[in-house]
Amino acid sequence: MPDLVASVSNALAPLGFANVRPAGGAGTQTRRSIVLAAECTEGTVAIKVLLPTVNDAYWLGAFHREGLILEALREVEPVVHALAVNITLKPRVVGDFEIRYHVLEWASHDLQPLLGAVCAHEALSLVKQVCEAIDECHARGIVHRDIKPGNVLISQGRVRLADFGASAFLADPPLDPRGEVARYSWSCNRYHAPLEIHCGAGVERSAALAGDVWSLGAVLFELVSGKRLMAEMFTLEELKRFANLFRRAQPDRGPDVLSETLAHLNAAVSRPRISSPLICECTEALDLCAALYMACTDFQPWARPQSLLPWRQEIDAMLVSAGACTDEYAIRGRARTALEGRIEP
């Protein structure tokens, strides 16, 4: 790690970046990339760097695609702002060191320390901005595919949807690195729909986008309750049983079999009730959280909201009637305590 940070620092110094350092926090390093913090004329920025060990054509292409997506979303307010992105396949070469990177706005924290620590009104204020980010992405033909608390950042009181490394344009070829045709698969990811859709050529637009909507519902559930939806919804034995059931309902067996399987899931699985650990809670706001969560987590992709605008309008009306702020998020109470425990870079 020190050698990598030093190499990146030397490569970026001529461009005006100083004090390059590890950003810290969960999710800042994966097997393929690392997020660093640095200082420049705009202040503190985040730099996402593709690790030099990555030379597989698929992952190089995915990093390039992420740059194109960030560029397409540059003017979208609830999405992390890109200051400079790698939109060519060529790396920056400094001596013998090659670097591929994206420069992004810095955010002090994400949603993770707030899970179960905000009231329903605060949760709605945050989630409304995530809804807007999802709608803006989908309107541009972009599916995120990795919406989770760690990828929802908060910068100066505003939500920023981040990490588009798994994202794609709907017009792209299938995302599966094995080159499979776009199809349904069974997912055990904490924030994916159990019946996940590999989006790409040949998949209906509404079905591909529905995966992001499920993830939104899972994030909302955890934000209010502090509990992970998949863990509350399924036991390990149930996951295995439904996975076996799904394998018998692949699209090549006919759409009726798939529809019957999805209907069976809706009938057989009892989605957990959303509740807050906070003592003082607004019943009306909590009911709206529950309604949105239930709408987003229907097992049938086509039954989930195709647009989140009506929900955003309903949340706005709720917050206005309650005298809550609809645009800014004020950290308070248990949320403030949680955030004060975070180490800033």
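This text goes with the structure placed above it.
In this report, the structure presented in the accompanying data block is examined.

1. Topic: the packing of aromatic side chains
Each aromatic ring pair is specified by the distance between its two centres and by the angle formed by the two planes. What the rule picks out here adds up to three aromatic pairs. Seen in terms of ring centroids, Tyr58 and Trp59 are 4.7 Å apart; in terms of plane orientation they differ by 80°. Their pairing is edge-to-face. Relative accessible area serves as the criterion here: at 25%, Tyr58 is assigned to the partly exposed category. Accessibility expressed as a relative area gives 29% for Trp59, which makes it partly exposed. Note on Trp214 and Phe299: the rings are 5.6 Å apart at their centroids and 45° apart in plane angle, and the pair reads as tilted. Of the two residues, Trp214 sits in helix α4 (residues 205–225) while Phe299 sits in the loop between α8 (283–296) and α9 (309–321), which places them 85 residues apart along the sequence. By relative accessible area, which is 0% here, Trp214 ends up buried. Phe299 gets classed as buried once you look at its relative accessible area, which sits at 1%.

2. What to know about the pairing of strand β9 (residues 152–155)
Residues Val152 and Ile154 point to one face of β9 and Leu153 and Ser155 to the other, with burial holding for every one of them. Where strand β7 (residues 109–110) meets β9, two bridges bridge the pair, whose relative direction is antiparallel. Bridge pairing in β9 links Asp110 to Leu153. Relative to strand β10 (residues 158–161), β9 runs antiparallel, the two sharing four bridges. Within β10, the position partnered with Ser155 by the bridge is Arg158. Hairpin connection between β9 and β10: a loop of two residues separates the two successive antiparallel strands, and Gln156 in this loop has a positive phi of roughly 50°.

3. Some thoughts on the environment of Arg228
Mapped onto the elements, Arg228 comes out in the loop between α4 and α5 (229–233). Accessibility expressed as a relative area gives 38% for Arg228, which makes it partly exposed. Sequence spacing of Arg228 and Arg190 is 38 residues, and the spatial spacing of their C-alpha atoms is 7.2 Å.

4. Digging into the pattern of salt bridges
Two side chains with opposite charge may pair up if their charged atoms get near one another. Scanning the entire structure with this criterion turns up 11 salt bridges. We note a salt bridge from Arg160 to Glu105, for which the minimum N-O separation is 2.6 Å. Pair noted here: Arg160 is in strand β10 and Glu105 is in strand β6 (residues 97–105), with a separation of 55 residues, a long-range link. Overall, Arg160 belongs to the buried group, its relative accessible area being 6%. In this structure, the salt-bridge partner of Asp135 is Arg312, at a minimum N-O distance of 2.9 Å. One end of the pair, Asp135, is in helix α3 (residues 120–139); the other, Arg312, is in helix α9, and 177 residues separate them in sequence. The two residues Asp135 and Arg312 agree in class, both being buried. Because the salt bridges share partners, they merge into one network encompassing Lys48, Glu66 and Asp163.

5. Focus: the sheet that holds β7
Remark on secondary structure: sheet strands pair via backbone hydrogen bonds, oriented parallel or antiparallel. Taken together, three strands build an open sheet; the order of strands is β7-β9-β10 and the sheet is antiparallel. The open sheet has two edge strands with one neighbour each: β7 and β10. Helix-sheet contacts for α3 involve β9 and β10, and the interaxial angle to β10 is about 40°.

6. Focus on α9
Taking 1.5 Å of rise per residue, 13 residues should cover 18 Å, and α9 covers 18 Å from first to last C-alpha, within 8% of that figure. What α9 keeps buried is the set Trp311, Arg312, Ile315, Met318 and Leu319. Angular distribution of buried residues about the axis of α9 spans 125°; they occupy a single face of the element. More than 90 degrees from the buried face of α9, the exposed residues found are Val320 and Ser321. Positive backbone phi, at 75°, marks Gly323, one or two positions downstream of α9.

7. Quick look at the nonpolar core
With 65 residues, the main nonpolar core has Leu73, Val79, Leu124, Phe164, Leu216 and Leu220 as its most contacted residues. The element that contributes the greatest number of residues to this core is α3, accounting for 10 residues. Every residue in contact with Val79, bar those within four places of it in the chain, is listed here: Leu73, Glu105, Ala133, Cys137, Arg160, Leu161 and Phe164.

8. A word on the packing of α8 against α9
Direction vectors running N to C along α8 and α9 enclose 170°, while the axes themselves pass 11 Å from each other. With respect to each other, α8 and α9 are oriented roughly antiparallel. Between α8, through Glu284, Ala285, Leu288, Ala291, Leu292 and Ala295, and α9, the contact on the second element is made entirely by Trp311, Glu314, Ile315 and Met318. Grouping the constituent residues of the contact of α8 with α9 by class yields eight nonpolar, no polar and two charged.

The rules behind the values
- Residues numbered from 1 in each chain as written.
- Predicted model: local features only at pLDDT ≥ 70, side-chain atom pairs only at ≥ 80, totals over all residues.
- Heavy atoms only, no water.
- Phe/Tyr/Trp six-rings, centres within 6.5 Å; stacked < 30°, edge-to-face > 60°.
- Buried < 20%, exposed > 50% of the residue type's maximum accessible area, 1.4 Å probe, protein only.
- Helix = DSSP H or I, 4+ residues; strand = E, 2+ residues; numbered from the N terminus.
- Pairing = 2+ DSSP bridges.
- Salt bridge = Lys/Arg side-chain N within 4 Å of Asp/Glu carboxyl O.
- Contact = heavy atoms within 4.5 Å.
- Axes fitted to C-alpha atoms, helices over the stretch in contact; angles between N-to-C directions.
- Expected span 1.5 Å × (residues − 1).
- Arc of directions from axis to C-beta.
- Core = buried A, V, L, I, M, F, W, Y, C linked by side-chain atoms within 4.5 Å.
- Parallel < 35°, antiparallel > 145°, perpendicular 65-115°, else oblique.
- Nonpolar A, V, L, I, M, F, W, Y, C, P; charged D, E, K, R; others polar.

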